[in-house]
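Fold and contact review
Residue strings, one per chain:
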Amino acid sequence: MKKFFFSLIFILLISSLIFSEEADLGDFGFDDEESSSESSVFSIDFGGAFYTGTEVFFDAFKKPESYQFPFPLWGSLHLEAKSPLAEAYASVNLNAKTIAAEMGGKSEYFPKPLFPRWIDEAYVQALAGPVVFGGGIKKVNWGRAHFLSVLDMVNPKDYSKPCEFYPEKIKKSAPVFFLSAYLPKDMKIEFVYLPVFEADEFALGGRWEQPPFINLTRELPVSSDNAGLNQARKERFLNAKKADTLDYAQGGLRYTLNIDGKHDLGFQYFTGFFHKPNFKSSHTPSDYTEAEFKNVFEKATLIYNRYHQIGADYEAMFGQFTVQAEFAANISSDLKGNNPDIYNPHLAWNLGLVYALPKNINLRLQAAETIRLLNSGINQDKLSLDTEKGRPITDTRLLLSLSQTLVRGSLEWKLNALVGIEDADFMINPELSWLIGTIGFDLGIGFFGGKKNGKLGCYQNNHFIKVSIGYEF
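All of the points below concern the structure found in this document. (Residues numbered from 1 in each chain as written. Predicted model: local features only at pLDDT ≥ 70, side-chain atom pairs only at ≥ 80, totals over all residues. Heavy atoms only, no water.)

Side note on the nonpolar core
With 19 residues, the main nonpolar core has Trp142, Met153, Val154, Val192, Leu194 and Phe270 as its most contacted residues. Among the elements of the structure, strand S7 (174-183) and strand S8 (187-194) are those that each provide at least two residues to this core. Non-local contacts of valine 192, meaning those with residues more than four positions away in its chain, are made with Val140, Trp142, Val154, Val176, Phe177, Phe178, Gln250, Gly251, Gly252 and Phe270. (Core = buried A, V, L, I, M, F, W, Y, C linked by side-chain atoms within 4.5 Å. Buried < 20%, exposed > 50% of the residue type's maximum accessible area, 1.4 Å probe, protein only. Helix = DSSP H or I, 4+ residues; strand = E, 2+ residues; numbered from the N terminus. Contact = heavy atoms within 4.5 Å.)

Section: the pattern of salt bridges
Enumeration according to the criterion identifies 16 salt bridges in this entry. Note that lysine 139 is salt-bridged to aspartate 120, the shortest N-O span being 2.9 Å. Here aspartate 120 lies in strand S5 (residues 119-128) and lysine 139 lies in the loop between strand S6 (131-138) and helix H4 (167-170), a separation of 19 residues in the sequence. Lysine 171 serves as the salt-bridge partner of aspartate 152, at 2.6 Å between the closest nitrogen and oxygen. Taken together, the positions of aspartate 152 in the loop between S6 and H4 and lysine 171 in the loop between H4 and S7 put the pair 19 residues apart, joining distant regions of the chain. The network of salt bridges with common partners includes Lys97, Arg117, Asp158, Lys172, Glu198 and Glu201. (Salt bridge = Lys/Arg side-chain N within 4 Å of Asp/Glu carboxyl O.)

Looking at the packing of aromatic side chains
Enumeration according to the criterion identifies 24 aromatic pairs in this entry. A ring pair is formed by phenylalanine 50 and phenylalanine 473, whose centres lie 6.0 Å apart and whose planes are at 15°; its orientation type is stacked. Highlighted residues: phenylalanine 50 in strand S1 (residues 43-57) and phenylalanine 473 in the segment after strand S22 (464-472), separated in sequence by 423 residues. For phenylalanine 50, a relative accessible area of 38% corresponds to the partly exposed category. Look at phenylalanine 58 and phenylalanine 447: their rings are 5.8 Å apart centre to centre, the planes differ by 75°, and that puts the pair in the edge-to-face class. Of the two residues, phenylalanine 58 sits in the loop between S1 and strand S2 (73-83) while phenylalanine 447 sits in strand S21 (residues 439-450), which places them 389 residues apart along the sequence. The class for phenylalanine 58 is partly exposed, based on a relative accessible area of 31%. Overall, phenylalanine 447 belongs to the partly exposed group, its relative accessible area being 29%. An aromatic cluster is defined as three or more aromatic residues linked by ring pairs; in this entry it consists of Phe57, Trp208, Phe448, Tyr459 and Phe464. A cation over an aromatic ring shows up here: lysine 138 above the ring of phenylalanine 178, its NZ or CZ 5.3 Å from the ring centre. (Phe/Tyr/Trp six-rings, centres within 6.5 Å; stacked < 30°, edge-to-face > 60°. Lys NZ or Arg CZ within 6 Å of the ring centre and 35° of its normal.)

A look at a nonpolar patch on the surface
A cluster of nonpolar side chains, namely Phe133, Phe177, Leu179, Leu183, Ile189, Phe191, Tyr193, Leu246 and Leu253, defines an oily patch on the protein surface of about 770 Å² accessible area. Elements with a minimum of two residues in the nonpolar patch: S7 and S8. Positionally, leucine 179 belongs in strand S7. (Patch = residues over 30% accessible without salt bridge, like charges linked within 9 Å, V, L, I, M, F, W, Y side chains within 5 Å. Areas by Shrake-Rupley, 256 points an atom, 1.4 Å probe, with all protein chains shown as cover.)

Listed below in structure tokens is the structure:
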């Protein structure tokens, strides 16, 4: 019912904003002058890309006869319509999740999508002088950092494949009403309102099962399923109630400005919900014994914690250097740090440096960290249901990316390395892309290493090579 409601709103918005503009175009003519005049008033752009390829994991070479290749086709389509006072945009994703069941190694994903997985974006917007406003299913970009941003929290993320870390590939659209006002002296104000909430997407099983869910249940006194979650716990995630009511509404305000054409500053406030779930139980450690712990845990309720974020960011270019910085204070309602049902408040920062070297070589260094506050208030008892107990106070990640474009920009190689400091683990990802006209060739390799219980090190058996060829239009 809610999907139908939002679809209806979308259709009505398109009708009112786009077709109302059509009414002012006058009669359609067939001479060159009238055709030229009309094209300057209303335009439509259609495009997309289709790819075919495969992904092979190194452990498949041990038993090639039993390996099942993933679905070999994926792509996207988009349609954009523009008139002087209104725009509409829609795009769809075509991949194994949207057009066919995965061929082998099928994983279960959490949460169930609020909208069909094939919808990428679908929104309309109106332009009234320096003000732009609209609504629909959209991706909103906040913050300065392209990677590991601590301020870009409006949209949920798709972490079902941890080997993907490019923001444009993992960000998911969300239903949103938005308004942007461009002010004098390079200032801008943005407002967003999200009537419903959707959490980050994780894999509950299979090759890319996520450590957060293993950690949430790590204290259960069971030994038969140490490799992952048992079916009962999976079902609790898969059947969790969606946070698709107005009680889970979110919103925020962002203000940006430029000083002397060199320094970009941003300030923002956002109130919403942490995208990672937590558990709420009506029991306390004194209510049960260790033998009863499993039963109590299985009856805990899956919840999401509201928080308020106050953030700031900065970007400037100094010769060949570009500096990016972000800072956020994420304030939950656990102001004493002793409530196991609520994540502790924490600080987060991001610092990046991009250096343009000779011969079209670019070097990017990025660091991001979260720092949990009030850690001393967490009950460290082994029967405590606090999901933050026993974890490091900080969570730090480093990204190194080295790239170069060749052959008049059509050929590009990259070397990406992502490192987890506290987990002492890493992922190395060399890539090669070649675009010949509208035909693209891509080659990528992924290596994982470090501690086996780390967020990246746990995928040590998932080394892979991925090749594809695509057509863009």
